[in-house]
Amino acid sequence: MQGWTRWRRLVAGCSAVMALCGAQAADAPARLEVRRTTDGVPHVLAADWHDLGYGYGYVQAQDALCTLAEAFLTYEGRRSAYFGADAKLTAGSTLGHPANNELDFFFRAHAGAGMIAAMRAEQPAELNAMIDGFAQGYNRYLGEARAAGPGRDAPACLAQPWLRTISADDIYRRMYAAAIAGGYARFIGEIANARPPAGATAAAGAQGALAALLAPRVGDQVGLGSNAIALGGAATGGDGAVLFGNPHWYWGGPDRFYQAQLTIPGKINVAGVSFLGIPVIMLGFNGNVAWTHTVSDARRFGVFELALTPGRPASYRYDGQDVPMRQADISIDVLGADGKLRTERRTLYASRFGPLLDLGRRNQAFGWSAQTALAIRDINADNYHIFRNYFYWARARSLDDFIAIQRREAAMPWVNTLAIGRDDQRVWYGDIGNVPNVPDRLRSACTTALGQGFAQLDGAVPFLDGSRPECGWQHDARAAHPGAMAAADMPGLLRQDYVANMNDSYWLSNPAQPLQGYPRTMGGEQLALSPRGRYGHLLAQQLAGAQSRSSLALARRTMDAVLDPLSHAAVLYKNDLLAGACVGAEPALQAACAQLQQWDNRAGIDARGALLWAAFWRQIARLPDAQLYRTAFDPARPLQTPAAINGADPRVRAALAAALQSVRAGGRAPDAPLGSVQVLRADGTAVYGGCSAAGYFTVACSHAPDGALDAQTEGNSYLQVVRFGPQGVDAHTLLAHGEREQAVAGGSGGEPLQRYARKDWLAFPFSEQAIAADPQLARQVLLP
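Think of each chain on its own: its residues are numbered from 1, step by step along the sequence as written. Only residues with pLDDT of 70 or above have their local features reported here, since the model is predicted, and side-chain atom pairs are shown and tallied only from 80 upward, although totals for entire chains, interfaces and linings are computed over all residues. By convention in this description, side-chain values take in all heavy atoms of the structure and omit both hydrogens and water.

Draft legend 1. Examining the state of the cysteines more closely. Pairs of cysteine sulfur atoms within 2.5 Å are what we label disulfides. Under the criterion given, the structure shown has four disulfides. With its sulfur 2.2 Å from that of its partner, Cys66 forms a disulfide with Cys157. The chirality of the disulfide connecting Cys66 with Cys157 is left-handed, given an S-S dihedral of about -90°. Placement of the pair is Cys66 in helix α3 (residues 49-76) and Cys157 in the loop between α7 (125-148) and α8 (168-179), with a sequence separation of 91 residues. Across this residue pair, the class does not change: Cys66 and Cys157 are buried. Put simply, Cys446 and Cys471 are joined by a disulfide, and their sulfur atoms are 2.1 Å apart. Judged by the sign of its S-S torsion, about -80°, the cystine formed by Cys446 and Cys471 is left-handed. The helix count covers DSSP runs of H or I at least four residues long, the strand count covers runs of E at least two residues long, and both are numbered beginning at the N terminus. Working definition: with a 1.4 Å probe on protein chains only, accessible area under 20% of the residue-type maximum means buried, over 50% means exposed, and in between means partly exposed.

Draft legend 2. Structural detail: α7. Expected span, for any helix, means 1.5 Å times one less than how many residues it has. When the terminal C-alpha atoms of α7 are compared, their 35 Å separation across 24 residues agrees well with the 34 Å that a helix rising 1.5 Å per residue should span. All of the buried residues along α7 are Leu127, Asn128, Met130, Ile131, Gly133, Phe134, Ala135, Gly137, Tyr138, Tyr141, Leu142 and Ala145. Of the residues one or two after α7, Gly149 is the one with positive phi, at around 80°.

Draft legend 3. How the structure looks around the sheet that holds strand β5 (residues 257-264). Ordered by their spatial adjacency, 10 strands build an open sheet running β19-β17-β16-β8-β7-β6-β5-β2-β1-β28, and the pairing between neighbours is mixed. The two strands at the open ends of the sheet, each matched to only one other strand, are β19 (492-495) and β28 (778-783). If you compare each strand with its neighbour and ignore which way they point, the axes differ by 15° on average. Only strands joined by at least two bridges in the DSSP assignment are considered to pair. As defined by bridge partners, strand β1 (residues 32-37) adjoins β28 across five bridges and the pair is classed as antiparallel. For Glu33, the partnering residue across the bridge sits in β28 and is Val781. In what follows, a contact means two residues having at least one pair of non-hydrogen atoms within 4.5 Å. What counts as an axis is a line fitted to C-alpha atoms, over the stretch in contact for a helix, and the angles between N-to-C directions run from 0 to 180 degrees. Packed on one face of the sheet, α3 meets β1, β2 (41-46), β5, β6 (268-275) and β28 and runs near 155° to β5.

Draft legend 4. Expanded view of the pattern of salt bridges. By definition, a salt bridge exists where a carboxyl oxygen of Asp or Glu is found within 4 Å of a side-chain nitrogen of Lys or Arg. Evaluation of the coordinates by the stated rule reveals 42 salt bridges. Between Arg779 and Glu33 there is a salt bridge, and its shortest N-O distance comes to 3.5 Å. Separated by 746 residues along the polypeptide, Arg779 in strand β28 and Glu33 in strand β1 bring together distant segments of the chain. With a relative accessible area of 38%, Arg779 lands in the partly exposed category.

Draft legend 5. Summary view of the pairing of strand β7 (residues 283-286). Taking every second residue as pointing to the same face, both faces of β7 are buried, with Leu283 and Phe285 on one and Gly284 and Asn286 on the other. In this sheet, β7 lies alongside β6 in antiparallel orientation, the contact comprising four bridges. Within the sheet, the bridge partner assigned to Gly272 lies in β7 and is Gly284. The pairing of β7 with strand β8 (residues 289-295) spans two bridges and is classified as antiparallel. Bridge pairing links Phe285 to Ala290 in β8. The antiparallel hairpin formed by β7 and β8 contains two residues in its connecting segment.

Draft legend 6. Fine view of the side chain of Asp431. Within the secondary structure, Asp431 sits in the loop between β17 (427-430) and α13 (440-446). Pairs of N or O atoms are called polar contacts if they sit within 3.5 Å, as long as, within protein, a hydrogen donor faces a hydrogen acceptor (for residues adjacent in sequence, only side-chain-to-side-chain pairs). Here the side chain of Asp431 touches Arg300 through a polar contact of 3.1 Å, side chain to side chain. What Asp431 contacts, discounting residues up to four positions off in sequence, is Ser296, Ala298, Arg300, Val415, Asn416, Met490, Pro491 and Met522.

Draft legend 7. Seen up close, the pairing of β8. Of all the seven residues making up β8, seven are buried; the element is thus mostly covered by neighbouring parts of the structure. Two elements, β8 and strand β16 (residues 415-421), share seven bridges in a ladder whose sense is antiparallel. Of the residues in β16, the one forming a bridge with Trp291 is Ala419.

Draft legend 8. The packing of aromatic side chains, seen in detail. The criterion for an aromatic pair is that two Phe, Tyr or Trp rings (for Trp, the six-membered ring) have centres within 6.5 Å, with stacked assigned to planes under 30 degrees apart, edge-to-face to planes over 60 apart and tilted to the rest. For the structure on display, the rule yields 41 aromatic pairs. Ring geometry for Tyr56 and Tyr258: centres 6.1 Å apart, planes at 55°, overall tilted. Within this pair, whereas Tyr56 is found in helix α3, its partner Tyr258 is found in strand β5, the two being separated by 202 residues in sequence. Since its relative accessible area comes to 0%, Tyr258 is described here as buried. Charge-over-ring contacts are defined here by two conditions on Lys NZ or Arg CZ: a distance within 6 Å of the ring centre and an angle within 35 degrees of the ring normal. Of note, Arg352 hangs over the ring of Tyr318, and the distance from its end group to the ring centre comes to 4.1 Å. Directly above the ring of Tyr688 sits Lys759, whose terminal nitrogen or CZ lies 4.8 Å from the centroid.

Draft legend 9. Region of the structure containing the nonpolar core. Each nonpolar core is a collection of buried residues, namely Ala, Val, Leu, Ile, Met, Phe, Trp, Tyr and Cys, held together in the definition by side-chain atoms within 4.5 Å. Ranked by internal contacts, the top residues of the largest apolar core, which has 151 residues, are Tyr138, Phe285, Phe387 and Tyr390. Among the elements that make up this core, the one with the highest residue count is α3 (16 residues). With 38 residues, the next largest nonpolar core counts Leu578, Ala585, Ile645 and Val652 among its residues.

Draft legend 10. Spatial organisation of the environment of Pro638. Note on placement: Pro638 falls in the loop between β21 (629-631) and β22 (643-645). Setting aside chain neighbours within four positions, we find Pro638 in contact with Trp507, Leu508, Arg534 and Phe633.

Written out as structure tokens, the structure is:
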């Protein structure tokens, strides 16, 4: 970015008189200073909470001004005025890809002044001060960029009319957008377009369209998730624990991770990552604890079926009475093709449960008819404790303190949590957060015929009769939030060998101690693991069973193991698939079979066969498990089943032929090396790894037709391996996409991506001594 590049030039000049610069720093400690270390990671050192937020807002703007500015426009509900009504987000995010006017109507209706006031009221004063400071720091950098004017290093959006200063309100709206990722954000179009029927019904959606909408837990891609393994003292010979965290997340857009360290001496010292626009560390470590997240399988929303008042499709029956829906008349500005603004108006509807939801374009049975309509409730729409939970975690003094905070706040919105503590042999897993309190008995008593049909698509989402008061989410006085489960009733596990989660159910956080007896809303039990999940547990068991003599040795083994781009699906099933599909096949398929047989099951940049395998497995995964595997999943053998894939099924050969055609149709040779296709669009850097759906533990997954990696990519993003040694926290990290927005949007991926490509873990400089010794240290005093 402009500010970062120009700052480095100033620092280079200062280095010529470093003795003087150092003397000034020593004689007059700065009120707010940013230290950039290797790969441009900022370490913000401040005297108070406001200034800490100020520094964090400033450095995020330095590295991602345009991404942030466009995001703030989105959360304010003003995209259509600048980009038109029908255009869609270009970068991946948890909002998916609704049209601009759908986003505008949604955020105008749900992220207004009332939400902002309620969220601010629930934060501690220190966090509100950080939020105020964050906005001011962002504005400071924006002012500097405008003063510097156009140039080679200027932000690409500098002349755009939508680039503006922000206030704390923009940060609260951004926090709200992150909170609803597991609920409302998945249905923005279906909420914004919900309206009473007027004549013809909506056109039927494509077969499976609703199932596809429901399949992801966040965003609109099923593969979005994470790997996490915590190895305890039993694996290190009593030398403490080791934590590995690896979100498979966005490489571009506002939800990508930003790495930093935030310090106020004596009050807070925490490092890790947050989403852009978020003023607190969301995943990382301090001097006493380290934690990571994976996307949870629990459902964070529920659907209510409304029985409509006859002849009045905007009124519903509740407890024997007619209840009119709440109606919000909203207007937005829309840029027309002629360059002129016009006004678009729409009425959004809500019930006592939440906004109306029209799924009719996905499946007509679930549309708004003259008799029934659906309402949706997101448990996190008024969960204002999420970021104060992170604020408290940043200051946690021990693993027990960390767990107590999680149980008290019960605020995690859509993630599992794994954590370790200093001088502690235990490791922690918890899916303890905000989940609808819908016991299975309530689900059974309050379902409807339509709900039974919905359960065939997703049996964990609570779908309840909205006409009966007894069918609402249950109140529990122990719960931290209305209608939520109590923390004491949610799954958590402390062990000394290991816990792990790869986005599968909480049930198998450790196969030696399954977690059972929880309501279906939590995700389910005795469910087959994904190939990635199976491999993750086998890897954890291998690492835990290696009897490393120290946490340092185990951390090094972990760093080597977790970046092996092996497809466990290929290890388990490739040979059987080829044995059935290749015998007697036509010559073209025989050549494809030979290529896959020679392939080593890894997605290295030189791998020939990885492209064909990804296309082949994508076809195979469409076949029903009951027909595909001769040995069905057995809950007593979760890491070994399902097994014995039926390669002789004629559909397997057809799948291989379709995969071969798909690869060729994309203009690629079936034996092309992965690194000739899977490259960063910005600079051509080849990247290893594959999609989670193809069984890879190490993920790099492009959604572009040409297979290149860009702002839509999901994959290994921020990686950390953390332990606590005699000198305190010892962390090694990678940030695959780097700090700067140009890394995936244009220009060059730069050193962070090169570091990731060569698997060169960065020893994170956490202590003041390590920061001072960093070979790329650059300092900037923001407030003297």
